Amino acid sequence: MPWLKPAVLTGSLVPIAAILERAWRDDLGPDPIAQALNQLGLIALVFLVAALGCTPLKTMFGWTWPMRIRRMLGLLAFFYALLHVITYTVLDQGLDWNAIVDDVVKRKFIFLGFSTFVLLIPLAATSTNSALRRLGYVRWKQLHRLAYLAPALAVLHFTLRVKRDEREPLTYGLVLGALLTVRLVEYMRAHKPLLTREI
């Protein structure tokens, strides 16, 4: 499937192109910065959940093609999360670091969003084959367990950000919970002989 990665990459650029095009036409509503901020954060969450869903798709349906784009999906999640953070720090806060730190400390949903981004940094930095060789598989695998925590924090960030209708973040929470349940069941099944011997 040589077309798969180019197709995913091309499709991943559509949201940012749409945001820029709407900004150019002054069509982002009465608060364009907040609108762009929300959309970039949502797209980052979508890619986070999609990356986490690759292994369950292989487990449940035997599909191998999602595994070929799992790394790309994770990096795209980081890319949109980075744009989300840049929009907040530069456009929304004007690089007022005192105000930014005050927001992170005092507002729970911003603290959760900041924590999510911090977790994504080492995941993105060690996503290459050379990083895997340097760290060794065991340490690399332990580090990349953060990929389970980051989307959970992102869902909490989204839930606390929404003030009224929480159905959308709760939907992402349910999808994430289902994916994590599949991973847990598969882990227990794979380690059942070892657990039986220990008992």
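Every chain begins its residue count from 1, and numbering advances along the sequence as written. Where totals are concerned, whole chains, interfaces and linings use all residues; where local detail is concerned, this predicted model gives features only for residues with pLDDT of at least 70, and gives and counts side-chain atom pairs only at 80 or more. Only hydrogens and water are set aside when side-chain values are computed; all heavy atoms of the structure are taken into account.

Visitor: Please clarify how the layout of surface pockets should be interpreted in this entry.
Guide: Once rolled over the atoms, a probe with the size of a water molecule shows which space is left empty. Considering only enclosed or pocket space, the largest pocket measures out at about 910 Å³ in volume. Points on a 1 Å grid over protein atoms alone make up a cavity when a 1.4 Å probe fits among them but cannot get out, and a pocket when they form an open set with protein on both sides within 12 Å along at least five of seven lines; lining residues each have an atom within 4 Å of a point. Around the largest pocket, the lining is made up of 40 residues, and of these Leu37, His84, Phe109, Gly113 and His157 lie nearest the centre. A run of H or I in DSSP becomes a helix once it reaches four residues, and a run of E becomes a strand once it reaches two; helices and strands are each numbered from the N terminus. Secondary-structure elements contributing two or more residues to the lining of the largest pocket are helix H3 (32-52), helix H5 (65-92), helix H6 (97-106), helix H7 (108-125), helix H10 (146-161) and helix H11 (167-190). Surrounding the second largest pocket, 24 residues form its lining, Arg70, Arg71, Trp140, His144 and Ala147 being those nearest its centre. Among the secondary structure elements, those contributing two or more residues to the lining of the second largest pocket are H3, H5, H7, helix H9 (137-143) and H10. The leading source of residues in the lining of the second largest pocket is H5, at seven residues. The nonpolar class holds Ala, Val, Leu, Ile, Met, Phe, Trp, Tyr, Cys and Pro. Asp, Glu, Lys and Arg form the charged class, and all remaining residues, Gly among them, are polar. Here the residues of the lining of the second largest pocket are counted per class, giving 15 nonpolar, four polar and five charged. Grid points are joined across faces, edges and corners, and a volume is the space filled by probe spheres set on the points.

Visitor: Sorry if this is basic, but what is going on with the environment of Trp65 here?
Guide: Among the secondary structure elements, Trp65 is positioned in helix H5. Summary of the burial criterion: residues with accessible area below 20% of their type's maximum are buried, those above 50% are exposed, and those between are partly exposed, where the area comes from a 1.4 Å probe applied to protein chains only. The class of Trp65 is partly exposed, set by a relative accessible area of 30%. Trp65 sits 11 residues away from Cys54 along the chain, and the two C-alpha atoms are 8.5 Å apart. Every residue in contact with Trp65, bar those within four places of it in the chain, is listed here: Met1 and Leu4. In what follows, a contact means two residues having at least one pair of non-hydrogen atoms within 4.5 Å.

Visitor: Can you help me understand H11 in this one?
Guide: Along an α-helix, residues three or four positions apart point the same way, because every turn accommodates 3.6 residues. Taking 1.5 Å of rise per residue, 24 residues should cover 34 Å, and H11 covers 35 Å from first to last C-alpha, within 8% of that figure. Three or more residues of H11 are buried, namely Pro169, Tyr172, Leu176, Leu179, Val182 and Arg183. In the core, the buried residues of H11 are packed alongside H3, helix H4 (54-61) and H10. Under the convention used throughout, the expected extent of a helix is 1.5 Å for every residue step, that is, one less than its residue count.

Visitor: What should I look at first to understand the packing of aromatic side chains in this one?
Guide: Two aromatic rings, taken as a pair, are described by how far apart their centres are and by the angle between their planes. Paired rings are identified among Phe, Tyr and Trp, the last through its six-membered ring, by centres lying within 6.5 Å, and are further divided according to the angle between planes into stacked (under 30 degrees), edge-to-face (over 60) and tilted (the rest). Taken as a whole and judged by the stated rule, the model has six aromatic pairs. Note on Phe47 and Tyr80: the rings are 5.8 Å apart at their centroids and 15° apart in plane angle, and the pair reads as stacked. Note that Phe47 is positioned in helix H3 and Tyr80 in helix H5, a separation of 33 residues in sequence. Look at Tyr80 and you get buried, because its relative accessible area is 0%. Feature note: the residues Phe47, Phe79 and Tyr80 constitute an aromatic cluster, connected by ring pairs.

Visitor: Can you walk me through the nonpolar core in this structure?
Guide: Soluble globular proteins tend to bury their nonpolar side chains together. Counting residues in each nonpolar core, the largest one holds 39 residues, and the members touching the most others are Val8, Leu45, Phe47, Leu73, Tyr80, Leu120 and Tyr172. Contributions of two or more residues to this core are made by helix H1 (4-12), helix H2 (14-24), H3, H5, H7, H10 and H11. Take this core: its biggest share by element is 10 residues, from H3. Every residue in contact with Leu120, bar those within four places of it in the chain, is listed here: Leu48, Phe78, Ala81 and Ala150. Core analysis: the second largest hydrophobic core is formed by six residues, Tyr88, Ile100, Phe109 and Ile110 among them. In this description, a nonpolar core means a group of buried Ala, Val, Leu, Ile, Met, Phe, Trp, Tyr and Cys residues linked to one another through side-chain atoms lying within 4.5 Å.

Visitor: Please clarify how the packing of H3 against H10 should be interpreted in this entry.
Guide: In helix packing, the relevant descriptors are the interaxial angle and the interaxial distance, both defined with respect to the helix axes. To obtain each axis, a line is fitted to C-alpha atoms, and for helices this fit is confined to the stretch in contact; angles are then taken between N-to-C directions over 0 to 180 degrees. Where H3 contacts H10, the axes come no closer than 10 Å and their chain directions differ by 145°. As for the relative orientation of H3 and H10, their crossing is left-handed in sense. In contact with Asn38, Leu42, Leu45, Leu48 and Leu52 of H3, H10 contributes Ala147, Tyr148, Ala150, Pro151, Ala154, Val155, Phe158 and Arg161. Partitioning the contact of H3 with H10 into residue classes produces 11 nonpolar, one polar and one charged. Put simply, a crossing is left-handed when the front helix is turned counterclockwise from the back one by less than a right angle, and right-handed when it is turned clockwise.

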